[in-house]
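Residue-level listing of the chains:
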Amino acid sequence: STFPDHNIHPEATGIAKKTVDAHQKPEELVFWSGWFCPFNQRVWIILEEKGIPYQYKEVNPYAKEESFLKLNPRGLVPTIEYQGKPLYESTVLCEFLEDVYLDRPPHVLPKDPYEKARVRIWADHTSKHIIPAWHRLLQLQTKEDQDKARQDLYEAQRKLAEEIKGPYFAGEEFGLVDVLNVPWVSRDHVLREYREYKREGAGENYARWADLLEKRDSVVKTTSDKDKLMVIYDRYLAGTANSEVAKAIREGKPLP
Ligand code: GSH
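Residues numbered from 1 in each chain as written. Predicted model: local features only at pLDDT ≥ 70, side-chain atom pairs only at ≥ 80, totals over all residues. Heavy atoms only, no water.

Caption draft 1: Here's a closer look at the sheet that holds strand E3 (residues 79–82). The mixed open sheet is built from four strands, whose spatial order is E2-E1-E3-E4. What marks the edges here is a single partner per strand, and that holds for strand E2 (55–58) and strand E4 (85–88). Within this sheet the neighbouring strands show an average axis-to-axis angle of 25 degrees, counted without direction. For strand E1 (residues 29–33) and E3, the ladder comprises four bridges, and the chain directions are antiparallel. Bridge pairing in E3 places Phe31 opposite Ile80. Seen against the sheet, helix H2 (residues 38–50) touches E1, E2 and E3 and runs at an angle of roughly 150 degrees to E1. (Pairing = 2+ DSSP bridges. Helix = DSSP H or I, 4+ residues; strand = E, 2+ residues; numbered from the N terminus. Axes fitted to C-alpha atoms, helices over the stretch in contact; angles between N-to-C directions. Contact = heavy atoms within 4.5 Å.)

Caption draft 2: Quick peek at the side chain of Asn72. Mapping Asn72 onto the fold places it in the loop between helix H3 (66–71) and E3. By relative accessible area, Asn72 is classed as buried at 1%. A polar contact of 2.8 Å, which involves the side chain of Asn72, links it to the backbone nitrogen of Arg74. What Asn72 contacts, discounting residues up to four positions off in sequence, is Pro78, Thr79 and Tyr88. (Buried < 20%, exposed > 50% of the residue type's maximum accessible area, 1.4 Å probe, protein only. Polar contact = N/O pair within 3.5 Å; in protein donor to acceptor, adjacent residues only side chain to side chain.)

Caption draft 3: Looking closely at the pairing of E3. Of the two faces of E3, the one carrying Thr79 and Glu81 and the one carrying Ile80 and Tyr82 are both buried. For E3 and E4, the ladder comprises four bridges, and the chain directions are antiparallel. Within E4, the position partnered with Ile80 by the bridge is Leu87.

Caption draft 4: A look at the nonpolar core. Core analysis: the largest hydrophobic core is formed by 80 residues, its most contacted members being Leu29, Phe31 and Leu97. Here this core gathers at least three residues from each of two domains, domain 1 (14–100) and domain 2 (113–251). Apart from residues lying up to four places away in sequence, Leu29 is in contact with Leu47, Ile52, Pro53, Tyr54, Gln55, Ile80, Glu81, Tyr82, Leu97 and Tyr101. (Core = buried A, V, L, I, M, F, W, Y, C linked by side-chain atoms within 4.5 Å. Domains from an automatic or database assignment.)

Caption draft 5: Spatial organisation of helix H5 (residues 113–139). With 27 residues, H5 ought to run about 39 Å at 1.5 Å a step, and its terminal C-alpha atoms sit 38 Å apart, in line with that. Within H5, the axis deviates most sharply at Thr126, by approximately 40 degrees. Regarding H5, its N-cap is Asp112, as a side-chain oxygen of that residue lies 3.2 Å from the backbone nitrogen of Tyr114 further along. (Expected span 1.5 Å × (residues − 1). Bend = angle between axes of the 7 residues up to and from the residue.)

Caption draft 6: Broad picture of the site of the ligand. In the region of the ligand, 16 residues are neighbours, and Cys37, Lys64, Glu89, Ser90 and Glu244 sit closest. Measuring from an oxygen atom of the ligand, one finds a side-chain N or O atom of Ser90 at 2.6 Å. One of the backbone nitrogen or oxygen atoms of Pro256 is found 2.8 Å away from a nitrogen atom of the ligand. With the chains in place, 94% of the 510 Å² that the ligand exposes on its own is no longer accessible. For the shell around the ligand, the secondary structure elements donating two or more residues are H2 and helix H12 (244–251). In terms of residue class, the shell around the ligand is made up of 10 nonpolar, three polar and three charged. When residues of the shell around the ligand are sorted by domain, at least three fall in each of domain 1 (14–100) and domain 2 (113–251). (Near = heavy atom within 4 Å. Areas by Shrake-Rupley, 256 points an atom, 1.4 Å probe, with all protein chains shown as cover. Nonpolar A, V, L, I, M, F, W, Y, C, P; charged D, E, K, R; others polar.)

Caption draft 7: The pattern of salt bridges, seen in detail. Counted according to the given criterion, the structure contains 23 salt bridges. The salt bridge involving Arg136 is made with Asp152; its shortest N-O contact spans 3.0 Å. Placement of the pair is Arg136 in helix H5 and Asp152 in helix H6 (residues 143–161), with a sequence separation of 16 residues. Sharing partners across several salt bridges, the network here consists of Asp188, Arg192, Arg199, Asp211 and Glu214. (Salt bridge = Lys/Arg side-chain N within 4 Å of Asp/Glu carboxyl O.)

Below you can see the structure in the form of structure tokens.
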């Protein structure tokens with residue numbers, strides 16, 4: 001079908017809806033958001049963490065509307081317009097917001113060049129290893145594939161956890177590696193309920209860090225009701241989702 005996730009709930013719900021309502025007036029930063037999307041939540045969390053003035057606009061990225069493709073030819077959320085100019089890709093956007101709003105804490109990248117580079121290594125590890133394994137575990141259908149994906153995920157999360165300075169990844173401040181991971185931490189109830197996943201499987205350090213991250217105010221404020229999210233995740237669990245991410249996992253290709 002042309003609209004793989006056609007019966008997606010049209011807007012944020014619960015606490016996230018209040019956050020949306022508080023960000024309706026025009027600002028120089030427009031956030032084109034999909035309430036359900038974990039990549040999208042990364043950017044939303046930074047906007048909230050730094051208290052950046054932004055205008056929230058909901059978009060259904062599956063509809064691939066012409067006006068949206070003009071902003072982001074990949075047709076994905078998150079997308080922003082800053083002073084009328086479009087940008088996209090969640091990791092790029094997180095770094096962009098740090099550059100533009102450097103005076104607003106938390107500083108999501110360390111100042112020290114060595115520490116900054118180290119953060120980028122573990123951001124890359126998150127994109128290359130943690131997120132793909134997470135989605136394989138969610139989506140693959142045979143026990144064998146799921147067992148393999150679960151082991152891959154534990155291993156990738158354990159490696160990252162060995163590098164945590166504490167309490168957050170890079171030390172005292174909530175930062176880039178934390179924000180890149182937390183949307184999947186706050187959705188891991190799906191894996192715990194349906195895929196025999198547990199945080200401790202990746203070690204005590206990982207579990208402690210994950211427990212801390214999901215309590216962050218900015219995370220809570222950008223999280224919609226679980227029942228609305230589960231409508232979407234049920235399709236992934238059944239192997240019938242047709243998003244770009246779902247197709248990539250099925251075809252064994254890198255994520256979009
Ligand atoms: N690499 C992108 C990023 O990090 O921003 C991935 C974003 C992404 O996959 N967004 C999904 C989307 O817009 C929603 S979670 N999908 C539209 C589609 O699959 O057609």
